[in-house]
Amino acid sequence: MGVKVDITTYPGNIINVKPVPTATTGRSVNPSTGKALFEVPVATQQDVDTAVKYARDAVKTWSRTAFSERANLLLAFADAIEENHEDMEKLLVQEQGKPLSLAETEFDMTLIWLRAFATMDIKDEVLGENDERIVYQTFPPPGVFCGIVPWNWPVLLGMGKLGPALITGNTLIIKPSPFTPYCDLKLGEIGMSIFPPGVFQVLSGGDDLGLMLTEHPDIDKISFTGSILTGKKVMKSCAKTLKRVTLELRAALNFLNSGQICMLVKRFYVHEKIYDQFRDEMVEFTKTIKTGDGFELGITVGPIQNSMQYDKVKDMYSEIGKCSWKTAFEGGVKEATNGFFITPAIIDNPPEDSRIVTEEPFGPIVPLLKWSNEDDAIKRANNSKTGLGASAWCKDLKRGERIARQLSAGSVLVNSHFDVAPNVPFGGHKWSGIGSEWGTTGLKSYCNSRSLWVWKNAM
Ligand code: NAD
């Protein structure tokens, strides 16, 4: 294809396959250095109206385009991303802070996801047939989708919405987080030479842009990933136009991405017989973890992504002293740098009602808790308003599965954590979301359901 993007310039939002500059621009900050990155556009209501109009026009043809052609364009898009992956991975480290190896993983996963979606044709289902009639369930696209993306996995989560939206015949506008707009804008730029006008657009701006999109009467569905608080706001503004909405909300996997992964382990319940040994080995392992700039070799924990989140995580660390929690490993703020660095901490058996147990810190701090009775451990593990990911670790596989089947979370794993795949639905129970993404179930959430009754006798 030969699409090569320059990761040092930002010509504008991507509207109708053109870069459109804005009068006002913004910048976000490299969280490892504290230095401002390049200017990015700040979209206005007029930009939103223009992009939505083009998306509506485009959906007329795109929704009728053959699956094979949509799939070929998705594959061409994946190839073009692959051609640019080295530059893009560096850009991701600069804007997000994650270690380069994790940025590479994010791009590798994105390519696997896009290529898998290109094979997932949602076919009509026959619900019943007799001599007189046949009843199908068909899955037409609602039309114009908007994907609202958080800052922790801007590429995978953005493209994890693009694949399903486009392959099912919808058009899509992506709104990245104001903290991490760079890679998503570049992906829009790559898409300009591949998709027809209006099919894939990117608008960058602040949180108010999210509101303009969720309230827009000509957008049919919002796919939102982010915090519970914002998810509730999204649902409220979507209600005004009865817009459809999918919500994916908060939720070694415990320090990876500096703890800023919705599905990471937030609490460890460890049997009392092995508690001390588990804690000590975890401490030994944690001592080997290096925190620093994502470009340095051997870094596992990068900075916290932005100053707002950094303050939240610091506030959680300040509870250690205030609440006299015992630490098995005492991490803390890494002074004398301009970046938002905090080293991992392990809290040793804090009270069950303490903040570190009941809240998601979204930083590299984790509590270990002791249990002796299986039913009680399950009850405590389920005693949370959220339920995105959970895992049961056990030598006895049958017991592991028995426990796993009782955990209320959208993804539950036995002897593993954080397995995800494009053909496996991903979503949350309770306050962790509404609906799911990926897999056939997820793809169907990018479709309407149409029951089609066809009578065989001529009138
Ligand atoms: P956030 O809720 O602050 O923002 C998410 C997105 O929503 C951003 O693009 C933001 O600009 C936009 N937004 C903000 N206000 C809005 C409004 N009123 N209307 C519409 N859009 C609005 O979340 P964040 O801080 O960017 O991301 C971190 C959160 O995301 C964590 O809580 C994490 O658990 C969650 N998360 C969940 C999943 C999942 O799949 N369940 C995955 C990744 C992250």
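Calculation rules
Residues numbered from 1 in each chain as written. Predicted model: local features only at pLDDT ≥ 70, side-chain atom pairs only at ≥ 80, totals over all residues. Heavy atoms only, no water. Axes fitted to C-alpha atoms, helices over the stretch in contact; angles between N-to-C directions. Helix = DSSP H or I, 4+ residues; strand = E, 2+ residues; numbered from the N terminus. Parallel < 35°, antiparallel > 145°, perpendicular 65-115°, else oblique. Left-handed = near helix turned anticlockwise from the far one by under 90°. Contact = heavy atoms within 4.5 Å. Buried < 20%, exposed > 50% of the residue type's maximum accessible area, 1.4 Å probe, protein only. Pairing = 2+ DSSP bridges. Right-handed = clockwise from strand over helix to strand, strands pointing away. Disulfide = S-S within 2.5 Å. Domains from an automatic or database assignment. Buried area = accessible area lost by both parts, 1.4 Å probe.

A few words on the packing of helix H2 (residues 67-83) against helix H5 (residues 154-167). A packed helix pair is summarised by two numbers, namely the angle formed by the two axes and the spacing between the axes. The contact between H2 and H5 brings their axes to 9 Å, and the two run at 155°. When the axes of H2 and H5 are compared, the pair comes out roughly antiparallel. With respect to the hand of their crossing, H2 and H5 are arranged in right-handed fashion. Contacts from Phe 67, Arg 70, Ala 71, Leu 74 and Phe 77 in H2 reach Met 159, Leu 162, Gly 163, Leu 166 and Ile 167 in H5.

Take the pairing of strand S10 (residues 221-226) next. Most of S10 is tucked away, with 6 of its 6 residues classed as buried. Burial along S10 is two-sided: the residues Lys 221, Ser 223 and Thr 225 and Ile 222, Phe 224 and Gly 226 are all buried. Relative to S10, strand S7 (residues 144-148) runs parallel, the two sharing 4 bridges. Each bridged residue has a counterpart across the sheet, and for Cys 146 the counterpart in S10 is Ile 222. One crossover worth recording links S10 to the parallel strand S11 (residues 244-249) by way of helix H8 (residues 228-239), and it is right-handed.

Take the state of the cysteines next. Taken as a whole and judged by the stated rule, the model has 0 disulfides. Cysteine Cys 447 remains unbridged, with the sulfur of Cys 146 as its closest cysteine sulfur at 18 Å.

Now for the domain arrangement of the protein chain. Annotation of the protein chain at the domain level lists domain 1 (13-250 + 432-452) and domain 2 (256-383). Computed over C-alpha atoms, the centres of domain 1 and domain 2 are 32 Å apart. Every contact between the two is made by 20 residues of domain 1 and, on the other side, 25 residues of domain 2. Buried area between domain 1 and domain 2, summed over both chains or domains, comes out near 1900 Å², and the portion from carbon and sulfur atoms is 61%.

Pairing is mixed across the open sheet formed by 4 strands, whose spatial order is S12-S15-S14-S13. The open sheet has two edge strands, strand S12 (268-271) and strand S13 (327-329), and neither has a second partner. Neighbour-to-neighbour, the strand axes of this sheet turn through a mean angle of 30°, independent of strand direction. Of the pairings in the sheet, the one linking S12 to strand S15 (residues 365-371) comprises 4 bridges and is parallel in character. Residue pairing across strands places His 271 opposite Trp 371, the latter belonging to S15. Running at roughly 165° to S15, helix H9 (residues 275-287) makes contact with S12, S13, strand S14 (345-348) and S15 of the sheet. With respect to the sheet, helix H10 (residues 307-322) is in contact with S13, S14 and S15, its orientation differing from that of S15 by roughly 50°.

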